Amino acid sequence: MKNKGFTITEVIIVMVIFSIFVLGMIYLLNTYISRVDRNIKILDAINRMTQAGELVTQYLIKATGNATSIEISDSGTEITFNITLAGNIISAKLTVINNKLIKYSEDDQVVDVPIDDVNIRFGLTKSPTDTEPSTSGRLPIIVTISTANPFNPFDVDSSLKVEYKLYPPGIR
Amino acid sequence: MTGVIDMKKGYALVVSLILLVAIMLFVSAIFIKASNTVKRVSMTAVRLSEEETALKALVITAAYLRSKYDIISGFSGLTFSSIDQQKYDSLKTFVLKTAGPEERQIWEEDVFARWFDGTTLMKDLKEDSELVEILENASEKGLINDPQDLEIACFPDRYSRRILLLYVKTRKNVYSWALLGPLTYGNFAVFLPNGLPINTYYGDGEVIDGPAWFGYEDDNDHESLGIGGNVGPRFYGRMYYYDLINFSNLDEEEVFVGKQEQITMEEVNKMKEPFELETYGESILNKVPIMNINDILSSSNVSTPTGIRLIYSKAPGGPDEDATDATNDIFVTSQIITSDSTHVQLLEIRGNESVDGYDNLIKVEDQDGNPVYWQYDILVHYPGPPNCRVTVIATSIKNDKVETHMSNIESFNGLFIIRADKERGKGQGAGGKSPNAQVAIGKEGEWIENIFMGSWTMLVTSSGGPQDTGAPHDKINIYSDIKYYSVSDIVDDPEDPEWFDTYPFDDEGNPIPDLDVVVTKNGTEVTGKQYWEVWYRRLRKYTNDHLDLITTGKISIPYHEAYNLGYKFRDLQIHASIYAMYKDREGPGSQSPQHTPTFIVDYENFPWVSDEEKLGYRVVFGSIAVEEMTPTWQFSWWWGYSGLKEFNSFDKRLYTYGLSEFSPETGLISLEGIRVR
C-alpha cells in the first residue's frame, strides 16, 4: 500500500526549519521595522516642528512698528506685537495654551490655532554675545519649538528642539 | 493511520501563504507610512523654500521700486498698462481668506474698498528687465529659487499711484504680498538720553526726535532747549542734533542714542523740500478731489467724493511776523450736536466783517469781483470723514439781500482748505502785496471744546505773490481745546474701567506719561500705559479720529482771558498733528526773506505767576513737524513763571508707514502689511 502522507518526523523537521526561518524573518523584520519606525518618528517630529515653526512665523512676520513694542511673558508662552495696516494699529498676541493649541488674537478677537504635539516658547536676544532667549531684549525674536525625543521616549527631559530666529521686516 | 499526517488539503501551504501575506501587508503598511512621512516632510521643505523665495523676492522688488518713486508723481513713472481684473480678484480673495479677524476688516474697508477696488490697472514687473536682472543675480547667489517661476506684479491705488499692492506668486501657488507706500511726517524716530523707551509715551525729561524735521535752537535768550530739560518732554528734530554736534563739544554718542546718523546741510535742505507747500500741493493736494464751498452750494446735492475749499477775499497784508494781536479773518469752531439721536459735528465758520447790521461775516468776491458776505455751517454726519455725508448750510448777503443756501455732499473726503485771496483791484502792480491768511480755531475770551469726528486735514494758506514781510506768513491761532470725538466726554463707553477719565491728567494735575504709576481721580493707581491703552481702544472702537492741522507759516497759541481759572491757568489739549510748512510765493531766486515755520506759545503775553504749579500744560496728542519749536514758557527770578508747560503725547496710530492720505511725505517709501502664505 502506497503511503500518501508525511511521517511525523518529516513534518517536525519541516516545521523546525520553517520556524527557524520565520524567527529569523521576524528578527530581521523587527529590527528593520523599529529602525524604520524610529526614522518615521524622527521625520514626523521634524515635520511637526517645522510646520509649527512655519505657522508661528506667518503670524510673527506681521509684526510692525517699534522693536520695543514686542513683549514676551515671563513664561515665554505669550508674545504680543503690533500690526500696522493703513493707519490702523492692531494689538496682536500669540498664546501657547498647550502642545496641541495656540491662540491667536487681534485686539479682542481670538482664533484657535491647532498645533501637532509640540512645545513652543518665545524669546528675544539679550545681547549679541548671549544667545540664550530672554523675555526682554532685542531682535531677533527666538522661537523655540520642541517635542519628545523618539530615540529616548521614556526620558521626559529628552527632547528634539528647533530654534527659529526672526527679524520681521516691518520692525524697526 | 497513526504516525502519518494527511496533507492532501495543503494546510502547510495555506499557513505559509497566510503568514507571507500578513508579513507583506505589515511591510507594505510600514512602507506606506514611511513614504507618506517622507512626502509630508518634503512637501513642508518645498513649501518653506517657496515661502522663503516669495518673501525675499518681494523685499528685493520693493527695494527696487524705491528707485521708481518720487514725491511729486509717486509711482507714476511705472507704466501701468495691462488690465487683469481676474488676478486682482484672486489676490484679493486670497488676502481676505488668510487675514486675521481684525486685519480682514482693515484690508476690506481701508485698503481694498478705499484704494484699490474699481481699478483694473496692473504692472507685470517681470517685464522690467532691470528687475529681472536683479532677481537673476539674487538667484545666482542662492538667495532665491529660479525667478523664471515667479509671477511678480503690482496694482496702483486708484487715486494717486502713490501706494502699490505688490505681490509675488511662486510655481506652487505660494503668495507673498505687501503694501508699498510713502513714509509721511506722521512717523516718529525716538531717542532718549538713556536708550530707547520701553514704550511710546513720553514723560518728564524724555527727549524725542520728531518726524524727521523739526526743532531748532532758540536764538533768543529764552529758555533754551537742552537734553534732559526738567520741565516736560522735549521734541528735537534732526536740525537740532545737527547744530548740537556742530556747535558744541558733545560727542556724537552723547547726543545720538542708538547711533543716529549725522546729516549734512545738503540733506537738511533736501528734507525741507516736502515741506514746501508747492511740493505738498503737487504731490497730494492737487490729486484729491475738492470743490469750492460756494460751488457746492450752487447745487442741492454733490454725489461724487470731494473735499471743501473756502476761498475768502482779503485786502493785501496781514499780521506782522511777531504780531499776536492781529485780527483773525476767520473763526472756526467745531462742536458735537445731537440730531435724530445721533451725534453730528457742527463746524461753524464765521468772519470778522460787518454789513447791514449783520456781524461775523466772511467776504467772498463773486465772479464779477463784487463782495458777497457769508456765514457757513457744515454738518458732518457720524462717523465723520472719509466717505461721510455732509450738509452745508450758508447765509449770504449781497446788496441788502439775505439768502439761505443748503447742499448735501454724499461723500466728504475730510480735506478742508481755507485760503485767503487778494481782493480785486487792491495791491496791483509791481510791489503789490498779497494777503496773509489768519484763521482762529475757537474764539478769544471763550473756552470752547472743539471736537473733531473722523479723519480730517485742515489747511490754512493764501494765494501767491509777494508779501509785506516775507513768506510764509499765514497763521492758525488756537484759542481752546481741540479734541477727538472718541476720547471726549461725549462718548460714554461702557467698557471703560472705573478709573478712566478722558482728561489725561492725574489727581495732582500732572499729565499721565507712559512709564509712571499715577493716581487717577478716583484714587486708583494705574500705569500710564494702562491709561493710554484705554485711550487707543476708544479711538479704534469709535470713529478713528485724526486731524492734520497744516499752515504755511505759524501755528500759534495766543493768551486770552479764558485761560485764567483764578487759582491756576487752564491746560490746553490739542489732539492733532501739527505741520507748519514753507511757501515760496515769489519763486526761485527771490531775495525776500523766508520765515521759519513755527509752532509757538505766546508765553510773553501770559501773566506772570510765582509758582510753577500754576502754569497750565499745552498737551499735544499727535505728530509735530515744524522747523522751529520755541519754548512754551519762561522763568524770571524777579517775576516768576509765564506761559504753558508742554506735554507731547505720542499718537501711537501714527507709528505707521505713511498710508494716511493727506499727510506730508518724507520722500521715502516703506513696506506695510507683509504676508506670505
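Just so you know, these numbers come straight off a predicted model, no measurement behind them.

Rules of the game
Residues numbered from 1 in each chain as written. Chains lettered and ligands numbered in written order. Predicted model: local features only at pLDDT ≥ 70, side-chain atom pairs only at ≥ 80, totals over all residues. Helix = DSSP H or I, 4+ residues; strand = E, 2+ residues; numbered from the N terminus. Buried ≥ 20, exposed ≤ 12 C-beta atoms within 10 Å, placed from the backbone. Core = buried A, V, L, I, M, F, W, Y, C linked by C-beta atoms within 7 Å. Contact = placed C-beta atoms within 7 Å. Axes fitted to C-alpha atoms, helices over the stretch in contact; angles between N-to-C directions. Nonpolar A, V, L, I, M, F, W, Y, C, P; charged D, E, K, R; others polar. Pairing = 2+ DSSP bridges. Domains from an automatic or database assignment.

Quick look at the overall build of chain B now. Counting its regular elements, chain B contains 10 helices and 36 strands. Classification of the 677 residues of chain B by burial places 44% in the buried group.

This part covers the nonpolar core. Counting residues in hydrophobic clusters, the biggest one holds 94 residues, and the most contacted among them are I330, V392, L549 and I578 of chain B. For this core, the element with the highest residue contribution is strand β18 (residues 401-422) of chain B, accounting for seven residues. In this view, L549 of chain B contacts M458, I476, I555, A576, S577, I578 and Y579 of chain B; residues no more than four positions away in its chain are not counted. Core analysis: the next-biggest nonpolar cluster, separate from the first, contains 74 residues, L94 of chain A together with V111, I152 and V676 of chain B among them.

The subject of this paragraph is the packing of helix α2 (residues 85-98) of chain B against helix α3 (residues 101-116) of chain B. Residues and elements named next belong to chain B. Contact geometry for α2 and α3: axes closest at 8 Å, N-to-C directions at 145°. Across from K92, V95 and L96 in α2, the residues of α3 making contact are R104, W107, E108 and F112. Considering only residue class, the contact of α2 with α3 consists of four nonpolar, no polar and three charged.

This part covers the sheet that holds strand β10 (residues 138-148) of chain A. All names here are of chain A. Strand order in this open sheet of four strands is β9-β8-β10-β11, and the pairing throughout is antiparallel. Of all the strands in the sheet, the pair left with one neighbour each is β9 (133-134) and β11 (159-166). Pairing of strand β8 (residues 119-125) with β10, which is carried by seven bridges, proceeds in the antiparallel orientation. Paired with L124 across the strands is I141, a residue of β10. Helix α1 (residues 8-60) rests against β8, β10 and β11 of the sheet, and its axis sits at about 150° to β10.

A word on the environment of R675 of chain B. Here R675 of chain B lies in strand β36 (residues 665-676). Remark: the alpha-carbon pair of R675 of chain B and E109 of chain B, spanning 566 residues in sequence, is separated by 18 Å. Not counting the four nearest positions on each side in its chain, R675 of chain B is found in contact with K62 of chain A together with T98, S176 and W177 of chain B.

This next bit is on the domain arrangement of chain B. As far as domains go, chain B holds domain 1 (44-184) and domain 2 (494-541). Taking only C-alpha atoms into account, the centre of domain 1 of chain B sits 41 Å from that of domain 2 of chain B.

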